[in-house]
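# Architecture at a glance
What follows is the residue order along each chain.
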Amino acid sequence: MTTVPYVEAHRRIARKRLTGFALLAGVIAYLVYIFFAFDMPGLAQRVRLDNAAILLRDTYSHRIQVTRDNRRDTTSVSVDGERNGQYPADRWPDWVQNAEGGTAINLTHGVTVRYEDDAVRMAVPDYGQITIIPAQSGIELFTPDGQIPEWISASDTRVAITRPEGRLTVTKARTETFRYFLGWPLFFFTTDSPFHYMTWTELARSALSSDRIVADQSNLSAMWHDFWYNPMWRHNAVAWAIFETLMMAFLGTMMGAMIALPLAFLSARNFGPSMPIRFAIRRVFDFCRGVDGLIWTIILARAFGPGPMTGALAIMLTDTGSFGKLFSEVLETTDSKQVEGLRSTGANALQRGRFGVIPQVMPVIASQILYMLESNTRGATVIGAIVGGGIGLLLTQAIQTQKDWEDVTYYIILVILMVMMMDGISGWIRRRLIKG
Amino acid sequence: MTDTAQIQDSYMAQVRRKRTYSTILLVVFVAMMASGFHLANDRNAGGFLAGIPRLFDFPAELLGEAFAKAANLPGLVWHYLPALVETLNIAAAATLIGAILGGFLSLMVTPGLAPFPRLVSPLRRVLDITRAVPDVVVALILIFMLSSGPVPAMIAIALHTTGALGKLFAEVNENADTKPVEGLQSVGAGWFQRMLLGVVPQVAPNWLSYALLRFEINVRASAILGFVGAGGIGAELKIAIGWGLGRYDAAAAIFILLFLTIMIIDQISGHFRHVLVKGRA
């Protein structure tokens, strides 16, 4: 008879082990199903690795391009090919020179490109000189050995030379040379600002000196103006967008809490006036939470138009539901002695709530509000992307242009910092509240 | 007599000071709310007061058209079911992947359990960052690289889930009893064996409960990501309510599907979470 529990134990352990393996098999089977349901094999062919490369390079480097309009015969130097990043004709970088009979461009490792009247010549050490003639009949390419290496792609209408030192493209309309540099371009000052051409020490010196570079303005304020209204990075607009996002989160959370608190009193078992009202209010809370934030956002955007207030109202509606539930649970755990004491002194319902209940629940409620504010800061970025407000809007716009990846990186870093800052602040206040 | 008078004076002074502080805080708060609301109202395309009467226009129009074409609804619900399944699959796969990665990382960042104590702090920062990046951003960037479809959304949500669950799981791990781990160590078990047999059985109920809660959140996130460009029911919704060509019966069908799905998932997961945390009632 003593062997029976033994056998029983073995059987149970075997069953547990089997359950474990079944669970594992289930997870693997599901992932395999997902693999095919999401068409991962097909995805492998659709992956745009070239896009990934562009994205990655843009996040940490930029290019300066020298462009010649072949029809009008004008040459310009600009950052990332943007109009805001054009260098004035007299302040080209020193590796681009207007020499006799054309423009000379020095890339790294001794590679040079010359824009001449009739041809573009690229000299590559250890390889020789490549000549490209953009004639009307078609683009002619001459390499030293007559062969075309794999880093040159050539057709009648376009020749592109891609090398680690830089990139040269020639079409009938234009000739472009790219040279790559580390870092984000023109983050502080754009090329039309005199401060762009100064080193850090020169900047510090001119900030302290009284020789005015821009008339009617002290150097420091001129610097600040050029930085703050930088047309490429638009620091003022970005700062405003961050503020707008925080404002959406703050307004939405606080309005939600203010609406939910009185309603929570009505729906708490120990304060609610009657069963039907309690039940009705609880269903309202469930409805607010249950309808997805996305649906609220769409409905509100139809009524109020896109903007930060629509976002704040959407946050408010979902939060009213969550807060209502949380607050009424907190209220149900309060001690009724204080309330009874106040009642014995003749306090009315409002006074009983203010002096008997609020002091008991305030720390918990405040910490819940802060917690929600924290998560709403994240949520406001997403809602901003849908309703068109705040940093969320800037981010989606920058992503959709599909070329300003340095901006995207910048905004993402700002969002991360913003969220971490809010986490830090709210965590600090919550710890203070709990300690008292 | 003077003693009690002094005590009363200092008490009243304290009360007065507290009241002044409360009043100042209240005034600052009200001013912040009022000016913030005013500012938000100014920046909005439509004003608050102008919008209030229009608040029910869209729902009314939507419901009106849905009622007028009520016969279509079952068909439409059936039509959008595959999109809903895709949205749910995105959420489920992302939760699963995120929970597996988060569970692994949470063990790596729990002091006392971590195999490489030096990595605890840097890995915690990594988790912080994956949590802080909004999933929309990751999804949009991935759409650029992978072209639109469910995979970018899945990766984006999984990344966020890893960060969120990693942190929550680590908090659970900290409360785990280390005795089983020590016992396993004394018989020569490796790190994986110690974690799998010593820690995971202790924390599994709480982990599962958090993962279920995360699944609820992820279903919503996956619907939103569809709206922004990844596939699923969100994408269908965006087409259905598009300005001008609004097909509100379709939109109503999608709203119904979303609402019911979220309600059902919340109920089921709430029930299971209750069982997991409180034990079988």
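Whatever comes next refers back to the structure up there.
Attention in this report is confined to the structure presented alongside it. Owing to the predicted nature of the structure, the values given are computational and were not obtained by experimental measurement.

### Some thoughts on the overall build of chain A
The helix and strand inventory of chain A stands at 13 helices and 12 strands. Expected size for 436 residues packed as a compact globule is a radius of gyration near 22 Å; at 33 Å, chain A overshoots this value by more than 25%. Across the 436 residues in chain A, those meeting the buried criterion constitute 46%. Sequence separation of 24 or more characterises 55% of the internal contacts of chain A that already satisfy a separation of 6 or more. With the model as given, the accessible surface of chain A reaches about 23,000 Å², and the carbon-plus-sulfur share is 61%.

### Some thoughts on the packing of helix H8 (residues 293-304) of chain A against helix H9 (residues 308-332) of chain A
The axes of two packed helices give the description: the angle between them and the distance between them. Residue and element names in this part refer to chain A. It is at 9 Å that the axes of H8 and H9 come closest, and there the two elements cross at 140 degrees. Comparing the axis directions of H8 and H9 gives the class oblique. Judged by the twist between their axes, the crossing of H8 over H9 is right-handed. Listed contacts from H9 to Gly 293, Trp 296, Thr 297, Leu 300, Ala 301 and Phe 304 of H8 are Met 309, Thr 310, Leu 313, Ala 314, Leu 317 and Thr 318.

### Some points on the interface of chain B and chain A
In this assembly, 62 residues from chain B lie in contact with 59 residues from chain A. Together, the buried faces of chain B and chain A total about 5,500 Å²; carbon and sulfur atoms form 78% of this surface. Scanning the region where chain B abuts chain A turns up 1 salt bridge. Between B:Arg43 and A:Glu244 there is a salt bridge, with the nearest N and O atoms lying 2.8 Å from each other. Between chain B and chain A we count 10 residue pairs in polar contact (both at pLDDT 80 or more) in total. Grouping the constituent residues of the side of chain B that touches chain A by class yields 44 nonpolar, 11 polar and 7 charged.

### Let's talk about the sheet that holds strand S8 (residues 138-142) of chain A
In a beta sheet, neighbouring strands pair by backbone hydrogen bonds and run either parallel or antiparallel. Residues and elements named next belong to chain A. Taken together, the 6 strands give an open sheet; going across it, the order is S3-S4-S5-S6-S7-S8, and neighbouring strands pair in antiparallel fashion. Looking at the sheet topology across the chains shown, the edges are occupied by strand S3 (96-99) and S8. Adjacent strand axes in the sheet meet at a mean angle of 15 degrees when their direction is disregarded. Note that strand S5 (residues 112-116) and strand S6 (residues 120-124) share 4 bridges and pair antiparallel. Within S6, the residue paired with Thr 112 across the bridge is Ala 123.

### Some thoughts on the sheet that holds strand S9 (residues 152-154) of chain A
Residues and elements named next belong to chain A. Spatial strand order, S2-S1-S12-S11-S10-S9: 6 strands in an open sheet with antiparallel pairing. With one partner strand each, in any of the chains shown, strand S2 (74-79) and S9 form the two edges of the open sheet. Averaged over all pairs of adjacent strands, the angle between strand axes in this sheet comes to 10 degrees, irrespective of strand direction. Where strand S1 (residues 61-69) and S2 come together, 6 bridges link them in antiparallel fashion. Residue pairing across strands places Ile 64 opposite Val 79, the latter belonging to S2. Strands in contact with helix H3 (residues 49-60) are S1 and strand S12 (174-182); relative to S1, the strand with the most contacts, it is inclined by about 105 degrees.

### Some points on unusual backbone geometry
Residues and elements named next belong to chain A. Backbone geometry places Asp 39, a non-glycine residue, at a positive phi of 55 degrees. Residue position: Asp 39 is located in the loop between helix H1 (3-37) and helix H2 (40-46). Asp 39 sits in the partly exposed class, given a relative accessible area of 37%. In this structure, Arg 234 takes a positive phi of about 45 degrees despite not being glycine. With respect to the helices and strands, Arg 234 occurs in the loop between helix H5 (219-228) and helix H6 (235-267).

### Some words on the packing of aromatic side chains
Residue and element names in this part refer to chain A. Across all of its chains, the model carries 28 aromatic pairs over all chains by this definition. An angle of 70 degrees between the planes, with centres 5.8 Å apart, marks the rings of Trp 184 and Tyr 410 as edge-to-face. You can see Trp 184 sitting in the loop between S12 and helix H4 (200-208) and its partner Tyr 410 sitting in helix H13 (residues 405-435), a full 226 residues away along the chain. When the centroid spacing of 5.2 Å and the interplanar angle of 90 degrees are considered together, the rings of Phe 187 and Tyr 410 count as edge-to-face. With Phe 187 in the loop between S12 and H4 and Tyr 410 in helix H13, this residue pair connects regions lying 223 residues apart in the sequence. Comparing Phe 187 with Tyr 410 shows no difference in burial state: the two are buried.

The rules behind these values
Residues numbered from 1 in each chain as written. Chains lettered and ligands numbered in written order. Predicted model: local features only at pLDDT ≥ 70, side-chain atom pairs only at ≥ 80, totals over all residues. Heavy atoms only, no water. Helix = DSSP H or I, 4+ residues; strand = E, 2+ residues; numbered from the N terminus. Rg over C-alpha atoms; globule rule 2.2 N^0.38 Å. Buried < 20%, exposed > 50% of the residue type's maximum accessible area, 1.4 Å probe, protein only. Contact = heavy atoms within 4.5 Å. Areas by Shrake-Rupley, 256 points an atom, 1.4 Å probe, with all protein chains shown as cover. Axes fitted to C-alpha atoms, helices over the stretch in contact; angles between N-to-C directions. Parallel < 35°, antiparallel > 145°, perpendicular 65-115°, else oblique. Left-handed = near helix turned anticlockwise from the far one by under 90°. Buried area = accessible area lost by both parts, 1.4 Å probe. Salt bridge = Lys/Arg side-chain N within 4 Å of Asp/Glu carboxyl O. Polar contact = N/O pair within 3.5 Å; in protein donor to acceptor, adjacent residues only side chain to side chain. Nonpolar A, V, L, I, M, F, W, Y, C, P; charged D, E, K, R; others polar. Pairing = 2+ DSSP bridges. Phe/Tyr/Trp six-rings, centres within 6.5 Å; stacked < 30°, edge-to-face > 60°.

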